[in-house]
Each structure stands twice: as C-alpha cells, then as structure tokens.
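# Summary of structural features
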Amino acid sequence: MNDTEANNAGQTPEPEGLSRRGFLGTGAITGAVLAGATALGGTVFTRESFAAAAKDAKSKVHVGPGELDQYYGFWSGGHQGEVRVLGVPSMRELMRIPVFNVDSATGWGLTNESKRVLGESAKYLNGDCHHPHLSTTDGRYDGKYLFINDKANTRVARIRLDIMKCDKIVTVPNAQAIHGLRLQKVPYTKYVFCNAEFIIPHPNDGHSFDLQDKNSFTLFNAIDAEKMEMAFQVIVDGNLDNADMDYTGKYAAATCYNSEKASDLGGMMRNERDWVVVFNIPRIEAAIKAGKFINLDGVKVPVVDGRKGDDGKDSEFTRYIPVPKNPHGCNTSPDGKYFIANGKLSPTCTIIAIDKLDDLFSDKIKDPRGVVVGEPELGLGPLHTTYDGRGFAYTTLFIDSQVVKWNIAEAIRAYGGEKVNYIKQKLDVHYQPGHNHASLTETRDADGQWLVVLSKFSKDRFLPTGPLHPENDQLIDISGDEMKLVHDGPTFAEPHDCVMARRDQIQPKKIWERDDPYFAETVAIAAKDGIKLETDNKVIRDGKKVRVYMTSMAPTYGLTEFTVKHGDEVTVTITNIDQIEDVTHGFVMTNHGVSMEISPQQTSSITFIADKPGLHWYYCSWFCHALHMEMVGRMLVEPA
Ligand code: RUQ
Ligand code: CUA
Ligand code: CA
C-alpha cells in the first residue's frame, strides 16, 4: 500500500521525521513489504476491504446472546490500575478486578479485607499495571493465579483465579518502577520474575545523584509465587525493560534499553547496541544456598551481583548479548527454542537460540553474539512478538501501524545467507500497536486461533468522546494463512498487554466457601467476639470501638438499626447468607464514604468513624431483589 492509499483508508499519518515513503525507498525493507503484498495477491486495503474480511470471519467471531466465549482474556488496565476480564472472540467485558486502584462498587481499597491485601501500600490510590501473566504447570496454564506488575509504585500483585480477586501484593524493595514481568513456566510457576526499570543510587538517601556511579544500578527480581515474598535480587549493568523465561526453568532473559545509564533521551540512544541479559537461575539459587550473597540498604533479601567485573569479565550469573539499540519486548517462542528481542529503534528482531546458552555460560561460546541465530528486518518500530505454535511469529510495528507475520525458521535461514522471504503478510492496524498476543502463546498449547493487537491510538475508529480517546484493541483471526481483522474493541486507559486462556483452563467458583482465607482474619476477629457470623446479629462495644455484626439475605439485613456514640470507630461486618448464585448484596453508609460488596457466602467488613451525630441510613447497593430499594437500615449516632 502507498501513502495515498493509507490516507484514503483513514489510517494514521506519518509520524514526524519518519516518512513512510522514505522508508519504502530503502532497499532491503522494500523487499519485505512487497513480499507481504505478494502473499496477499496484491490486495489493496481500504476500509471497505477490511469490512469484507471482517464479514468473512464474522460467523466465527459472533457469540450470540446466551452463548459463551471460547477463551478468557485478561487485560491489564494500565494506569487505571485494574485487571479486566474479557470473553474472546466476542471481546465482551465480563468483569473488572480492582488491584492497584480504588473501586467504589466492590469497596476495594475501602474494606478491611482489601486493606490487608494492600498492606503498607494502601496509602497509594494509583497504580500502573502492564503485564498480566497466568501461572503454569509444565508450561501449561494451571488456572491458579494471575500476576501483574505496578510500575508506578513498584509492586507486584497476585489474583486468585478461583475467586477473581487480588489476594497478595508485594512491594519490591531497593527498586523503582517494576516493569517487565514474567513467570517461571517449567516445572511450575515457582518464581515471578520482574524487572526494576529505573537506575537509582544505593542507598538512595540523597548522598549521590550520579547514575554513572558504581553504586547506581537496578535489579532483576524473583518473587516466590506461592508465598508472595521476595526470593532474590540480581544487580545488573544498564537498566531493564521486558523479560521472559524459557521452557526448562533454567534461563530468564530481559531487554535493556539504557546500557548507557543515561538520564536523558539523547543519552539513552547513544550506543549503537544495548543488550539482552540472560540470567542463569540455578547458579543464582546455588550461590544463595551457599550463603554467597549480600543484603542491600538494610533490606533482608538476598542479592547477588550480576554485573561485569571492572576487568570486563562476566559474572557467573549473567551474560550480556548485544542487540541493536533500545530493544523492547522479549518473547519466548512456544517451542522453547528462542528468546526474541524486539528492536524498537531498529527495524529488526534478534533471535537468540536458547540451546546455545549452556555453551555461552560455560564460555565455550566466547562471543555472546554467537548465540544469535537470526535478525530479520521487519519494519519500523518492532515492539512485541507473539506466536501461533505453527512456526510463525507476529510482531507489532509501532511506527508502521502494522502487524507483520513472519516465519522464524526462514528468518534463521536468511541470516545464514539464504535468499528467502520470511515475511508472509503485513496487516494495517489502527493505530500504533504496542503489545500483541496470540491465544495461549506463552504456553506449550499455543493454538494460533486469535491475535489481539493493543493499539494505542483509535483516532477515527469510534464515535468521538472529546480530547481523550479510547485505545483500540483489535481482534485478528490467525487460524488460516492470512491474518484477518475482525473486530475493533475500544478500551479505557490503557491496556498494555493481555493474555488468553481456553475457557476450560479457568474454573472460577460460583459462590464463596465459608472457610475462604480471603476473609479468614475477619472471621477470626468475630470468633474472639464470640460471634457466629452465619447467624448472629449483634453489636459489640470495646471502648470507643464498636463492632457491628449482621447477616444479609435478600431483601433484608440482619440488623435494620444499630446505635453508636458520636466519635466511635465503627466496624460493620456483614455475612451474606444467601446461597443463590449471583445474589450479591452491598452495604453503603450514606455520607460516610462507605461502600462494599458482599457476594453469596462472603463476609466483608469496613471500618469508619461515626463523625456526625444523628440518623444515618445505610442501604444495599447491588440490585438483589424486587425489594432491593427497601433493603435498608439506620445507624443512630447519639451525641457523645
Ligand atoms: S511494555 S508497548 Cu510496558 Cu509491555 Cu511494551
Ligand atoms: Cu441486597 Cu440489594
Ligand atoms: Ca540505549
């Protein structure tokens, strides 16, 4: 497609300083583009031809009323802070799971149960989540957990998939901004690996602000996935961006875009090459077991040094593989053979052979570039790559606003000097894609059915909503030889990434179990008060603290009135004794900033100060019954 066609089709104009026409004028990449066009029989894309392709695949995408989707999708909510659950292929939003945000409907960030999960970090009301990933056993989704990072406040959260609630949050010490996050795949998700992106002085106490100082660095982090506690940290050269792990449990890899340790844009782009750093996990574990670690800045987490020595020698824990400047995504192919680093500022991806890493670590391979087996030229701004399990890779081209489908084996042959066209197709997406993700691509079950492309700009694709535009998550059918765009999905700020699992791989509960650890501490407090939550409706006074226990059953609360004194600290604990699926109640105390969800068989509690004498109504906020409006009660606050 040429520029005029692109503009006619309402596609994105050229980014300043980067002319698509100029790009097409360059030799090698022109060939690649033409190869794409040939594979499509020279189709000229217009909005109409997209519409035709969509109609073609429509029967596959259409999920009728009452029908269920084939896949669960888990979308990050970006700087909005939550996780969203979507059905694929309908792209219907099924649920939102508050994590790093505060949520009025469920009371996340307000209830005692959620505050216990948030811990110290409850003081932050914002978050910025990027990378949701599902736990695996032997490289296959096991339906237990989803993990996600918070770049803004340097945290990692876990969501229990059986109840679809966040149950643990860890703040990573000695670090600023957790960005890349991936899980150990094999033999099971023992570690959550996460990258601290920003270089900071250690200790960061104001004694120095010099990034070039030896004591200024960042850390690669491992969290024990079951305990959700820090396992170890590795000091690295440069900074860290994205990460992934192999299918043996031995090697993790991460991209670095700031090998320069610069603080400004120009400085970060100075080096022609940055690197991918590979971590040897068994060697790190062995060193820690042998007590060969340090603690950093008074924090009790084992830390090993993965930097090169002053003599330029590698540490036993890491190898630095030079790749073209400022790489971004890091993606393991589902056959377990390759780490692929995405070029961003370079039009290439770098293919690293995982089976050569043993030789790199034993120094049999001396030049770290010796593990690179391919570096295909794909187009402008490659950010992330995903896989269909049939040997094809799909890479987002941010600047070109395209997804490029290419053949990995052929790209490797081309690197060896053979003349092959490894590029199979380029599909315009709308617009400026970041991540893309194919169904089950991070597991041995990669099935090449659906590709989601998370486009950062939507421009003209939807009814206008003022200066702030939605993003556009596009769904592409990749089950055949050609990629077919089948759906536009507007999303609110800003899904960075998503994962998809087959629906049989996720088995959520329909109602709570009474012994769920999620509210065990609340149950323990009630037990100390001699309360049986399923039956008792009682007010316990404990000095200036008042604990109000009640049940809920549509359409009434166990207590329709309780009395406290002005200035009391009131904790309302409600147990929903409804056994019926979907009958969730709420509790809102008017004019007190109090709101929470109580789903069937759940216990929820919330604490507030009765700071106004007088009569205060409370009511049920989740529509539960024909008499939902009448599900009310009164708090009577007597003057102190
Ligand atoms: S990064 S758009 Cu936060 Cu996943 Cu690449
Ligand atoms: Cu209970 Cu509405
Ligand atoms: Ca750089």
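What counts and how
- Residues numbered from 1 in each chain as written.
- Chains lettered and ligands numbered in written order.
- Predicted model: local features only at pLDDT ≥ 70, side-chain atom pairs only at ≥ 80, totals over all residues.
- Heavy atoms only, no water.
- Near = heavy atom within 4 Å.
- Nonpolar A, V, L, I, M, F, W, Y, C, P; charged D, E, K, R; others polar.
- Donors = N, O, S within 2.8 Å, 3.2 Å for Na, K, Ca; no water.
- Helix = DSSP H or I, 4+ residues; strand = E, 2+ residues; numbered from the N terminus.
- Buried < 20%, exposed > 50% of the residue type's maximum accessible area, 1.4 Å probe, protein only.
- Core = buried A, V, L, I, M, F, W, Y, C linked by side-chain atoms within 4.5 Å.
- Contact = heavy atoms within 4.5 Å.
- UniProt positions renumbered as here; feature names shortened; annotations may be inferred.
- Polar contact = N/O pair within 3.5 Å; in protein donor to acceptor, adjacent residues only side chain to side chain.
- Phe/Tyr/Trp six-rings, centres within 6.5 Å; stacked < 30°, edge-to-face > 60°.
- Lys NZ or Arg CZ within 6 Å of the ring centre and 35° of its normal.
- Pairing = 2+ DSSP bridges.
- Axes fitted to C-alpha atoms, helices over the stretch in contact; angles between N-to-C directions.

Before going further, it helps to examine the site of ligand 1. Lining the immediate surroundings of ligand 1 are His-130, His-131, His-179, Asn-242, His-328, His-384, Gly-434, His-435 and His-496. For the shell around ligand 1, the class distribution of residues is no nonpolar, nine polar and no charged.

Distances from the calcium ion (ligand 3) to its protein donors, namely Tyr-257 (O), Glu-260 (OE), Glu-260 (OE), Met-268 (O), Asp-274 (OD), Asp-274 (OD) and Asn-326 (OD1), fall within the range 2.2 to 2.7 Å. Spacing between the donor residues of the calcium ion (ligand 3) along the chain follows Y-x2-E-x7-M-x5-D-x51-N. Of this pair, Asp-274 sits in strand E15 (residues 273-280) while Asn-326 sits in the loop between strand E18 (318-324) and strand E19 (330-332), and the two are 52 residues apart along the sequence. Under the relative-accessibility criterion, Asp-274 is labelled buried at 1%.

By size, the foremost hydrophobic cluster in this structure holds 42 residues, and its most contacted members are Phe-74 and Val-99. Elements that contribute at least two residues to this core include exactly strand E1 (71-76), strand E2 (83-88), helix H6 (112-118), strand E5 (140-150), strand E6 (155-160), strand E7 (165-171), strand E28 (450-455) and strand E31 (498-502). Not counting residues up to four positions away in its chain, the partners in contact with Phe-74 are Arg-84, Val-85, Pro-132, Leu-134, Leu-146, Leu-161, Met-164, Asp-497, Cys-498, Val-499 and Ile-506. Among the nonpolar cores identified, the runner-up in size contains 25 residues, and Val-548, Val-572, Phe-587 and Met-596 belong to it.

This chain's UniProt record puts "binding site: Cu cation Z1" (unreviewed entry) on His-328 and His-384. Spatial clustering of the annotated residues is evident: they stretch over 57 residues in sequence, but the largest pairwise C-alpha distance comes to 7.2 Å. For His-328, a relative accessible area of 14% translates into the label buried. Here Asp-241 takes part through its side chain, which lies 2.7 Å from a polar atom of the side chain of His-328. Its location among the elements puts His-384 in strand E23 (residues 382-387). Excluding residues within four positions of it along the chain, His-384 makes contact with Asn-242, His-328, Gly-329, Asn-331, Asn-342, Tyr-394, Thr-395, Thr-396, Gly-434, His-435 and Asn-436. In this structure the side chain of His-384 is engaged in a polar contact, spanning 3.0 Å, whose partner is the side chain of His-328.

Looking now at the packing of aromatic side chains. Each aromatic ring pair is summarised here by two numbers: the centre-to-centre distance and the angle between the ring planes. Considering all chains together, one arrives at 14 aromatic pairs under this definition. Pairing Tyr-557 with Phe-587 gives two aromatic rings, centres 6.0 Å apart and planes at 80°, and the pair type is edge-to-face. A residue pair is termed long-range when its members are at least 10 positions apart, and Tyr-557 in strand E34 (residues 556-557) and Phe-587 in strand E37 (residues 585-589) qualify at 30 residues. Across the pair, exposure class does not vary: Tyr-557 and Phe-587 are buried alike. Among the aromatic residues, those joined into a cluster by ring pairs are Tyr-191, Phe-193, Phe-220, Phe-232 and Phe-279. Here Lys-344 stacks its cationic end above the ring of Tyr-257, 4.9 Å away from the centre of that ring. One residue, Arg-634, lies across the ring of Trp-617, its end atom 6.0 Å from the ring centre.

A sheet is described by the order of its strands in space; here four strands give the open sequence E13-E14-E15-E18, paired in antiparallel fashion. The strands lining the two open edges of the sheet, one partner per strand, are strand E13 (243-245) and E18. Strand-to-strand twist across the sheet, computed as the mean angle between neighbouring axes with direction ignored, equals 20°. Of the strand pairs in this sheet, E13 and strand E14 (residues 251-256) are connected by three bridges, and their pairing is antiparallel. Considered in E14, the bridge of Ala-243 is made with Ala-254. Across the face of the sheet, helix H8 (residues 281-289) comes into contact with E13, E14, E15 and E18 while running at roughly 60° to E15.

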